[in-house]
Amino acid sequence: PSGQEDNYRGPPFQDVTPVPRPSSSSSGADHQLRVGSRVTAPSGSDPRIRHMRVKFADGMSKQCGQTCTVVKVDETSAQIKGDDGRCWWWDLEVFAASERRFCHKGCSLARFTVQRAGCDVCKASLPRGSDALRCIDHDYVICKYCRGEPTKPVSGTKVIRGPTWKWQDQDGSKGTEGTVVGDHSPGWVTVRWPSGESNNYRGPPYQDVIPALENGVNAADGGGKEKILEQLFEAMVLAAAAKEAGTSDRVAR
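As a starting point, this report considers the structure included with it. Remember, it's a predicted structure, so these values are computed and weren't measured experimentally. (Residues numbered from 1 in each chain as written. Predicted model: local features only at pLDDT ≥ 70, side-chain atom pairs only at ≥ 80, totals over all residues. Heavy atoms only, no water.)

Another point: the overall build of the protein. Regarding its fold elements, the protein presents two helices and 14 strands. Per-residue burial for the protein yields a buried fraction of 37% across its 253 residues. For the protein, contacts bridging at least 24 residues in sequence account for 53% of all contacts bridging at least 6. (Helix = DSSP H or I, 4+ residues; strand = E, 2+ residues; numbered from the N terminus. Buried < 20%, exposed > 50% of the residue type's maximum accessible area, 1.4 Å probe, protein only. Contact = heavy atoms within 4.5 Å.)

Structure follows, in C-alpha cells:
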C-alpha cells in the first residue's frame with residue numbers, strides 16, 4: 001500500500017501467501033427459498049408475473065433477475081429484498097427451478113408419490129401417482145409446477161386440468177380425462193375431451209393440463225375407486241353398529 005516494491009522468496013520457501021478472496025458461491029445466491037438466503041428474482045420475461053396472486057407492481061420490474069435476500073416466506077409466496085432496499089412479494093411458482101423450495105416454516109422437503117393430496121401453493125388437486133414435495137411435520141405439499149418444473153404433455157398423453165387452468169368447464173367437469181392429440185403452436189397443446197370437443201391449452205411456463213395418472217382420479221373430488229372404498233367402509237361400520245344395537249335390545253327384553 002505504501003507503493004514500495006520488494007523481492008521475496010518462492011518455493012521451497014513461502015515468504016508470502018495469496019490473500020483469500022470470497023468465492024462466487026459465498027458472495028452470490030445460494031438459491032434457497034427460505035429466510036436469510038440469497039436467490040435470483042423471477043425473470044421479467046415470464047408472462048405469469050403480470051397475473052400473480054400477490055399483484056404485480058411497476059416497481060417490481062427493477063428486481064427481476066437480480067440477486068436478492070429472502071425476507072419472509074408463507075405457504076404461497078416469498079418476499080425478497082433487493083440491493084436497493086426495496087422488498088416485494090412474489091408467487092412461489094414464478095421462481096426458477098434452480099431456487100430450491102422449502103416448507104414455509106423453513107423445513108426441507110422430501111419427494112413423495114401422491115395418493116390423496118392437493119398442492120398448498122397453487123391449490124390444484126393432484127392425481128394419484130404424481131410427483132410432489134412434502135414436509136411431513138407441517139403437512140405441506142408442493143407440486144411439480146410450483147417448484148418451477150412445468151412440463152408439456154406429448155401427443156397421446158391422457159390429461160386433466162392443471163394448476164393454471166382458466167377455461168371454465170371446457171373439459172366437461174373437474175377431473176375429466178382428455179387426450180393430447182397434437183401441438184396447436186409452439187407452447188400450446190391440443191386436447192380432445194370425451195364430449196368430442198377439442199381445444200388448445202398453454203404449455204410451459206403455464207400448466208393448463210397435467211398427466212392424468214391413475215385414470216385421472218382427482219384427489220380433491222375424492223372420486224374413483226378411493227371414493228367407492230370409503231363408502232363401502234362407512235356402510236360396513238353402520239351395519240355393524242345397527243347389528244350391535246339390535247342385539248342389545250334383544251338381551252334387554
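This part is about the layout of surface pockets. The space that makes up the largest pocket amounts to roughly 360 Å³. If you trace the largest pocket, you find 18 residues lining it, with His-51, Glu-93, Tyr-145, Thr-164 and Tyr-206 closest to the centre. For the lining of the largest pocket, a count of residues per class yields eight nonpolar, three polar and seven charged. Of the voids in this model, the second largest pocket is the one considered here, and its volume is about 250 Å³. Surrounding the second largest pocket, 15 residues form its lining, Ser-130, Asp-131, Lys-144, Ile-210 and Pro-211 being those nearest its centre. If you list the elements that add at least two residues to the lining of the second largest pocket, you get β8 (131–135) and β14 (209–211). Of the residues assigned to the lining of the second largest pocket, the class counts are nine nonpolar, three polar and three charged. (1 Å grid on protein atoms, 1.4 Å probe; cavity = no way out; pocket = protein on both sides within 12 Å on 5 of 7 lines; lining within 4 Å. Points joined across faces, edges and corners; volume = space filled by probe spheres on them. Nonpolar A, V, L, I, M, F, W, Y, C, P; charged D, E, K, R; others polar.)

Okay, the packing of aromatic side chains next. Counted by the stated rule, this structure contains five aromatic pairs. Aromatic side chains Phe-56 and Trp-90 sit 6.5 Å apart centroid to centroid with 65° between the ring planes, which places their arrangement in the edge-to-face category. Of this pair, Phe-56 sits in the loop between β1 (38–40) and β2 (67–73) while Trp-90 is found in strand β4 (residues 87–91), placing the two residues 34 residues apart along the sequence. Residue Trp-90 is classed as buried on the basis of its relative accessible area, which comes to 0%. One aromatic cluster is present, formed by Trp-165, Trp-167, Trp-193 and Tyr-201 through successive ring pairs. For Arg-134, the ring lying beneath its charged end belongs to Phe-112, and the centroid distance is 4.2 Å. (Phe/Tyr/Trp six-rings, centres within 6.5 Å; stacked < 30°, edge-to-face > 60°. Lys NZ or Arg CZ within 6 Å of the ring centre and 35° of its normal.)

Evaluated as defined, the whole model comprises zero disulfides. The thiol of Cys-122 is unpaired, and the distance to the nearest cysteine sulfur, on Cys-146, comes to 3.6 Å. Residue classification places Cys-122 among the buried positions, given a relative accessible area of 17%. (Disulfide = S-S within 2.5 Å.)

Taken in spatial order, the five strands make up an open sheet running β13-β12-β11-β10-β14, and their pairing is antiparallel. In the strand order of this sheet, the two ends are held by β13 (198–202) and β14, each with one partner. Sheet twist, expressed as the average angle between the axes of neighbouring strands with direction ignored, equals 50°. (Pairing = 2+ DSSP bridges. Axes fitted to C-alpha atoms, helices over the stretch in contact; angles between N-to-C directions.)

Take the nonpolar core next. The biggest cluster of nonpolar side chains holds 37 residues, and the ones touching the most others in it are Ile-80, Trp-90, Tyr-140 and Cys-146. Top element by residues in this core is strand β9 (residues 140–143). It accounts for four residues. Within the second largest apolar cluster, nine residues are counted, among which are Val-159, Val-191, Tyr-201 and Val-209. (Core = buried A, V, L, I, M, F, W, Y, C linked by side-chain atoms within 4.5 Å.)

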